[in-house]
Amino acid sequence: MHWTRSSVAWVAALVALFALLRALRRLLEPEDRPLALVVAVVVVAAAALMPPARGHVTAEQAGWRTALQVFLAAAVTALGALAGLGVVVAGGLGIAAAATVPLAWPAPRQHPQR
C-alpha cells in the first residue's frame, strides 16, 4: 500500500512544510525567502515521494514511515540553515536524511504461509 491512503502522512507533510517555512523565514534574510520557499516545498515533496520502506508494508506503516521521513527532512534542513550552510545545501542534506529512513528501518519480514 502507498502512504497516500494515510491521513497521518498527509498531516505530517503539511505540518512539516509550515514548520520548515516558518523556521527558514526566521533564519534567512528577506532576499533569500523566495528561494527558501522553493527549497522547503521541494524538500517536503521529495521526502514524501520517497518509498517509505524497502519491501512491502501496510498503508498505516507507510504513513508513519513517511511522517518520519518528512519530519526528519524538515528538521535537518532547518538545522543546516541554522548552521549557515546555505538553504540549498541544507535542503540537499534534508533530502539525504529522508533517504536514510528506509535503510535504517527496513520492512518487517514476511513469514511464509504454512
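We now turn to the structure provided with this report. (Residues numbered from 1 in each chain as written. Predicted model: local features only at pLDDT ≥ 70, side-chain atom pairs only at ≥ 80, totals over all residues. Heavy atoms only, no water.)

Moving on, we come to the overall build of the protein. Each helix and strand in the protein was counted, giving five helices and zero strands. Along the first, second and third principal axes, the C-alpha set of the protein runs to 65 × 25 × 15 Å. Here the protein holds 114 residues, and the buried ones make up 39% of them. For the protein, the proportion of contacts with a sequence separation of at least 24, taken over those separated by at least 6, is 70%. (Helix = DSSP H or I, 4+ residues; strand = E, 2+ residues; numbered from the N terminus. Buried < 20%, exposed > 50% of the residue type's maximum accessible area, 1.4 Å probe, protein only. Contact = heavy atoms within 4.5 Å.)

Further remarks concern helix H1 (residues 7–27). Taking 1.5 Å per residue as the helical rise, H1 with its 21 residues ought to reach 30 Å, and the 30 Å between its terminal C-alpha atoms agrees with that figure. Where H1 is concerned, the buried positions are Ala9, Ala12, Ala13, Ala16, Leu17, Leu20 and Leu24. Angularly, the buried residues of H1 cover 135° about the axis, an arc narrow enough to put them on a single face. Turned more than 90 degrees off the buried face of H1, the exposed positions are Ser7, Val11, Phe18 and Arg26. (Expected span 1.5 Å × (residues − 1). Arc of directions from axis to C-beta.)

Attention shifts here to the nonpolar core. The nonpolar side chains of soluble globular proteins are, as a tendency, buried together. By size, the foremost hydrophobic cluster in this structure holds 22 residues, and its most contacted members are Leu20, Leu24, Val44, Val70 and Val87. Secondary-structure elements contributing two or more residues to this core are H1, helix H2 (33–49), helix H3 (59–82) and helix H4 (87–99). Top contributing element to this core by residue count: H2, with seven residues. Apart from residues no more than four positions distant in its own chain, Val44 is found in contact with Ala13, Ala16, Leu17, Leu20 and Val70. (Core = buried A, V, L, I, M, F, W, Y, C linked by side-chain atoms within 4.5 Å.)

Orientation of H1 relative to H2, taken along the N-to-C sense of each, is 155°, at an axis distance of 10 Å. The pairing of H1 with H2 is recorded here as roughly antiparallel in orientation. The handedness of the crossing between H1 and H2 is right-handed. Taking contact as the criterion, the partners of Ala13, Ala16, Leu17, Leu20, Leu21, Leu24 and Arg25 in H1 are, on H2, Arg33, Ala36, Leu37, Ala40, Val41, Val43 and Val44. Here the residues of the contact of H1 with H2 sort into 12 nonpolar, no polar and two charged. (Axes fitted to C-alpha atoms, helices over the stretch in contact; angles between N-to-C directions. Parallel < 35°, antiparallel > 145°, perpendicular 65-115°, else oblique. Left-handed = near helix turned anticlockwise from the far one by under 90°. Nonpolar A, V, L, I, M, F, W, Y, C, P; charged D, E, K, R; others polar.)

A few words on a positive patch on the surface. A contiguous patch of positive charge on the surface is contributed by Arg22, Arg25, Arg26 and Arg33. Looking at the positive patch, the element that brings in the most residues is H1, giving three residues. (Patch = residues over 30% accessible without salt bridge, like charges linked within 9 Å, V, L, I, M, F, W, Y side chains within 5 Å. Areas by Shrake-Rupley, 256 points an atom, 1.4 Å probe, with all protein chains shown as cover. Salt bridge = Lys/Arg side-chain N within 4 Å of Asp/Glu carboxyl O. Lys, Arg positive; Asp, Glu negative; His and termini not counted. Charge placed at Lys NZ, Arg CZ, Asp CG, Glu CD.)

The end-to-end C-alpha separation of H2 is 24 Å, in line with the 24 Å expected for 17 residues at 1.5 Å each. Turning to H2, its buried residues are Ala36, Val39, Ala40, Val43, Val44, Ala47 and Ala48. Seen from one end, H2 has its buried residues packed into an arc of 155°, which puts them on one side. Among the exposed residues of H2, those oriented more than 90 degrees off its buried face are Pro34 and Leu49.

Now for the side chain of Thr77. Locating Thr77 in the fold gives a position in helix H3. Sequence-distant contacts of Thr77, that is, excluding residues within four places in its chain, are made with Leu20, Val43, Ala90, Gly91 and Gly94.

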